[in-house]
Amino acid sequence: MLSFFLALGLLLPTSAPPAKPTLLTATRWVGLHRLPEPSDAVLAPDGRSFYIVSDEGLLFQTDLEGHVLRQAPPDPAATDFEAITFDSTGHHLLVMDEGTRRLISFDPATDLQRGPAHEVPWGGGRNKGIEALTWNPVRHRYLCATERDPARLIELDADFRKTTEWPWPHTSDVSALTFHHDALWLLADEARELLRLDPRTYAVTGRWRLPVLNPEGLAFLPDGQLVILSDDLARLYYFPAPSVL
Amino acid sequence: MLPLPTARLTAHLTTLGALLLLALPASAQLSLTNGQHTLDISGLVTTFYNQRFYKPGETDFKKNRFGLRDAQLNLEGRIGSRYEYRLQVDFADIASTTPDPENPPILDANFTYKVPHAVDITVGFGKVPYSRSSLVPFTYSPYFQRAELVRGGIFGRRDLGVTLHRSLWQQRLDLSGGLYTGLAEGSLSTGDNDARGNLEAVGRAQVSWPARYRFRDIDVDHVPIPMIAIGLNARYADKAVTTGDDYQLVTLDGRRTAAGFDVTAQYQGLSAQFEAHRLRATPRDPNRLFAQPTTYFQAGGFVGQLNYYVKPAHLIISARYEDFNLNDLVAGHNRRLSAALGYRLNGWNSVIKAQWMHVLQEEPALGAVNWNDQVRVGWQLMLQ
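Residues numbered from 1 in each chain as written. Chains lettered and ligands numbered in written order. Predicted model: local features only at pLDDT ≥ 70, side-chain atom pairs only at ≥ 80, totals over all residues.

Asks: Explain the overall build of chain A residue by residue, including any values.
Replies: Of the regular secondary structure elements, chain A holds 1 helix and 21 strands. In terms of overall dimensions, chain A is globule-like: its C-alpha atoms have a radius of gyration of 16 Å, near the 18 Å expected for 245 residues. Across its three principal axes, chain A shows a C-alpha extent of roughly 45 × 40 × 30 Å. The contacts of chain A with a sequence gap of at least 6 include a subset with a gap of at least 24, amounting to 44%. (Helix = DSSP H or I, 4+ residues; strand = E, 2+ residues; numbered from the N terminus. Rg over C-alpha atoms; globule rule 2.2 N^0.38 Å. Contact = placed C-beta atoms within 7 Å.)

Asks: Please give an account of the overall build of chain B that cites residues and values.
Replies: If you tally the helices and strands in chain B, you get 4 helices and 17 strands. Taking 2.2 N^0.38 as the reference for a compact globule, 384 residues should give roughly 21 Å; the C-alpha atoms of chain B span a radius of gyration of 21 Å, in line with that estimate. If you line up chain B on its principal axes, its C-alpha atoms span 65 × 55 × 45 Å. Here chain B holds 384 residues, and 40% of them are scored as buried. Considering only residue pairs separated by 6 or more positions, chain B has 61% of its internal contacts joining residues 24 or more positions apart. (Buried ≥ 20, exposed ≤ 12 C-beta atoms within 10 Å, placed from the backbone.)

Asks: I'd like to hear about the confidence of the model for chain B, residue by residue, with values.
Replies: Residue and element names in this part refer to chain B. Mean pLDDT over chain B: 90, with 91% of residues reaching 70 or higher. A low-confidence stretch, residues 1–9 (pLDDT under 50), is modelled with 12 contacts involving residues beyond four sequence positions or located in other chains. Segment residues 15–28: pLDDT under 50, and 19 contacts once partners within four positions in sequence are set aside and those in other chains are kept. (pLDDT = per-residue confidence, 0-100.)

Asks: Got a sec to walk through the pairing of strand 11 (residues 254–267) of chain B? Specific residues and values, please.
Replies: Residue and element names in this part refer to chain B. As paired elements, strand 10 (residues 227–239) and strand 11 share 13 bridges and run antiparallel to each other. Bridge pairing links Gly-231 to Asp-262 in strand 11. In the sheet, strand 11 pairs with strand 12 (residues 270–283) via 14 bridges, with the strands oriented antiparallel. Bridge assignment links Asp-262 to a residue of strand 12, and that residue is Glu-275. As consecutive antiparallel partners, strand 11 and strand 12 are separated by 2 residues, and within that stretch Gln-268 has a phi angle of approximately 50 degrees, a positive value. (Pairing = 2+ DSSP bridges.)

Asks: Tell me about the environment of Phe-48 of chain B, and please be specific about residues and values.
Replies: Residues and elements named next belong to chain B. Residue placement: Phe-48 occurs in strand 2 (residues 37–54). A count of 20 C-beta atoms within 10 Å places Phe-48 in the buried class. Counting along the chain gives 306 residues from Phe-48 to Ala-354, while the straight-line C-alpha distance between them is 9.0 Å. If near-sequence neighbours (up to four positions away) are discounted, Phe-48 is found in contact with Gly-67, Arg-69, Phe-144, Arg-376, Val-377 and Gly-378.

Asks: Lay out the pairing of strand 10 of chain B in plain terms, naming residues and giving numbers.
Replies: Residue and element names in this part refer to chain B. Only one face of strand 10 is buried: it carries Met-227, Ala-229, Gly-231, Asn-233, Arg-235, Ala-237 and Lys-239, and the other face, with Ile-228, Ile-230, Leu-232, Ala-234, Tyr-236 and Asp-238, is open. Bridge count for strand 9 (residues 200–209) against strand 10 is 9 bridges, and the pairing is antiparallel. Each bridged residue has a counterpart across the sheet, and for Ala-205 the counterpart in strand 10 is Leu-232.

Asks: With reference to specific residues and values, describe unusual backbone geometry.
Replies: Cis geometry is adopted by the peptide bond preceding Pro-150 of chain A, which originates at Asp-149 of chain A and carries an omega value of -5 degrees. Across the junction of Trp-209 of chain B and Pro-210 of chain B, the peptide omega takes the value 0 degrees, indicating a cis bond. Relative to the assigned elements, Pro-210 of chain B resides in the loop between strand 9 and strand 10. We note that Gln-248 of chain B has phi near 55 degrees; this positive angle belongs to a residue other than glycine. Mapped onto the fold, Gln-248 of chain B is located in the loop between strand 10 and strand 11. Residue class for Gln-248 of chain B comes out partly exposed when judged on the 18 C-beta atoms lying within 10 Å of it. Here Phe-290 of chain B, not a glycine, exhibits a phi torsion of approximately 50 degrees, which is positive. By the secondary structure assignment, Phe-290 of chain B is in the loop between strand 12 and strand 13 (297–310).

Asks: Give a description of the interface of chain B and chain A that names residues and reports values.
Replies: Opposite the 24 residues of chain B that make contact, chain A presents 24 residues. Breaking the side of chain B that touches chain A down by element, the ones donating at least two residues are strand 1 (30–33) and strand 2 of chain B. Partitioned by chemical class, the residues of the side of chain B that touches chain A number 6 nonpolar, 13 polar and 5 charged. (Nonpolar A, V, L, I, M, F, W, Y, C, P; charged D, E, K, R; others polar.)

Asks: Describe the environment of Leu-289 of chain B, and please don't skip the residues or the numbers.
Replies: Residues and elements named next belong to chain B. Take Leu-289: it is sitting in the loop between strand 12 and strand 13. On the basis of neighbour count, Leu-289 is assigned to the partly exposed category, with 17 C-beta atoms found within 10 Å. In this structure the C-alpha to C-alpha distance between Leu-289 and Ala-147, which are 142 residues apart in sequence, comes to 26 Å. In this view, Leu-289 contacts Pro-283, Thr-294, Phe-297 and Leu-329; residues no more than four positions away in its chain are not counted.

Asks: So, the sheet that holds strand 11 (residues 130–136) of chain A: which residues are in play, and what are the values?
Replies: Residue and element names in this part refer to chain A. Read across the sheet, 4 strands follow the order 11-12-13-14 without closing on themselves; strand pairing throughout is antiparallel. The sheet terminates laterally at strand 11 and strand 14 (162–167), the two strands that pair on one side only. The sheet shows a mean angle of 20 degrees between the axes of neighbouring strands, taken without regard to direction. With 5 bridges connecting them, strand 13 (residues 152–156) and strand 14 associate as antiparallel partners. Looking at the pairing, Leu-156 lines up with Lys-162 of strand 14. (Axes fitted to C-alpha atoms, helices over the stretch in contact; angles between N-to-C directions.)

Asks: Tell me what's going on with the sheet that holds strand 6 (residues 68–71) of chain A, and back it up with residues and numbers.
Replies: Residues and elements named next belong to chain A. With antiparallel pairing, the 4 strands of this open sheet are ordered in space as 3-4-5-6. With one partner strand each, in any of the chains shown, strand 3 (38–43) and strand 6 form the two edges of the open sheet. The sheet shows a mean angle of 25 degrees between the axes of neighbouring strands, direction not considered. With 3 bridges joining them, strand 5 (residues 58–63) and strand 6 adopt antiparallel strand pairing. Looking across to strand 6, one finds that Phe-60 is bridged to Gln-71.

Asks: Pulling in residues and values, what's your account of the environment of Glu-84 of chain B?
Replies: Residue and element names in this part refer to chain B. Tracing the backbone through its elements, the reader meets Glu-84 in strand 4 (residues 83–90). Owing to 19 C-beta atoms within 10 Å, Glu-84 belongs among the partly exposed residues under this scheme. Remark: the alpha-carbon pair of Glu-84 and Leu-39, spanning 45 residues in sequence, is separated by 9.7 Å. Each residue touching Glu-84, except ones within four places of it in the same chain, is listed here: Gly-77, Arg-78, Phe-111 and Thr-112.

Rendered as structure tokens:
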């Protein structure tokens, strides 16, 4: 029954749809000069640095100005890191290797040493696997999304087993997910849109446009500032908090 | 001309291809992985109808027909972060007695070793780094045929050899260069080099701003900032054989130097490309010089294309103009005008395309065709 209402929530248009998504305007940007093809970011618990993954299978920690503080030891088996989040305990980083369909654990308390990996099977093309990942504390599930062809939302339990899967009809693609201020936030690269979702039903409750080329990652600072990562430009764009915050 | 494999081999390959393609539902590219080695299986099927409007007096209308342009199987893999490989076969051209240089039976058979912080080394058969238009995949264009200047009849688009590639400056600077047998698509069918045994050298540099610029002509994303890329490429060969079904220019018995320039830009759905090439040929056969007091002739020309993507309607609108000269010792130019529409039913995976081509002017001795206009309408389905 819960799944039915969830599916209904996903397929319905926004519960309070704005006439046209509001265009957000960046206040500044910083370059990520030593990071090749950055693809997602997550804010460190202390709010003073980011962990950023790269399409080249690399993991970095940077300060808020984009300067590299440290890098995880390169792994020859890694292919294409596309999503990053903290695990349900908040102690370990989880990184999705899109090519190998592996969710890899890294320990931020050490030198970002690689921990165990968990397979999250998905049959689409090599670059059409899981692109977005976050922990949803409301449903006690990891929420993942495939990028496109087709875009889908997938829930994993705390042991990384797939529990539920839904089609995602609201944007043509999904590039990042995060949880902030009692809501889920979804970034769509091709549409260049930011969507706010109800964390219980995944219904869309807000929508904004972003003037950023190839937005691939998002995070929120403790003061509510929105940070969008541009892959092609290797930049972090800072925006004022969306009006609902 | 590529020789046909034996009928039995053709039958086996065609059956295998058909079975594999049937096994792949649309929009369901298959990816297999063991955690280090990932293999993608995908395909492409394209069918069209071609109608030519022939010149008065023409009695052979054989080109008014349906055609199977693509029946491709594509295997792409990656082993860790060091190795990549690609095998792309077109069964439609294996079955054909007249392979198209734009679309040969084997499109790619190569692998790449990525040297960390250095270069990518690609070994095998595939596209050579010359001409941006040639490097844009067919599947990302509303056109059914590339411009005549760049579709493989004047210079080779693929060859067997080794390519070094390096990207710098956040991929805004892209450098490629390589050595190849120099017989273009014919390198596979002959097996051996020509009697001189020389290789062809090819190189290309591209710089883009403010971000990397992919090999795409259409701005389907409506990029929010203006983007531009400028490329330069060149090639040199000294061969002992002349090939080329239409113009005898793909390889030349003699020395041949070619250089090209291209620029592309896009913003908010509007995009434009311009590309020019100049070929200087010093043939050993004096007949190629048409009794002129010179040791060489020149060929080349330019192509300009303007496109707009109507995002709400999923519709691509494009127009193209080209002007090319097959030999500057012979009077005349070739000028052609084309227009294309592409309706994207499901992104690039399913596209209905329509192309109209009109011959404005011909080089009578070398470039004459028996038609004035051609319309081609068809559908491409990428199985990925």
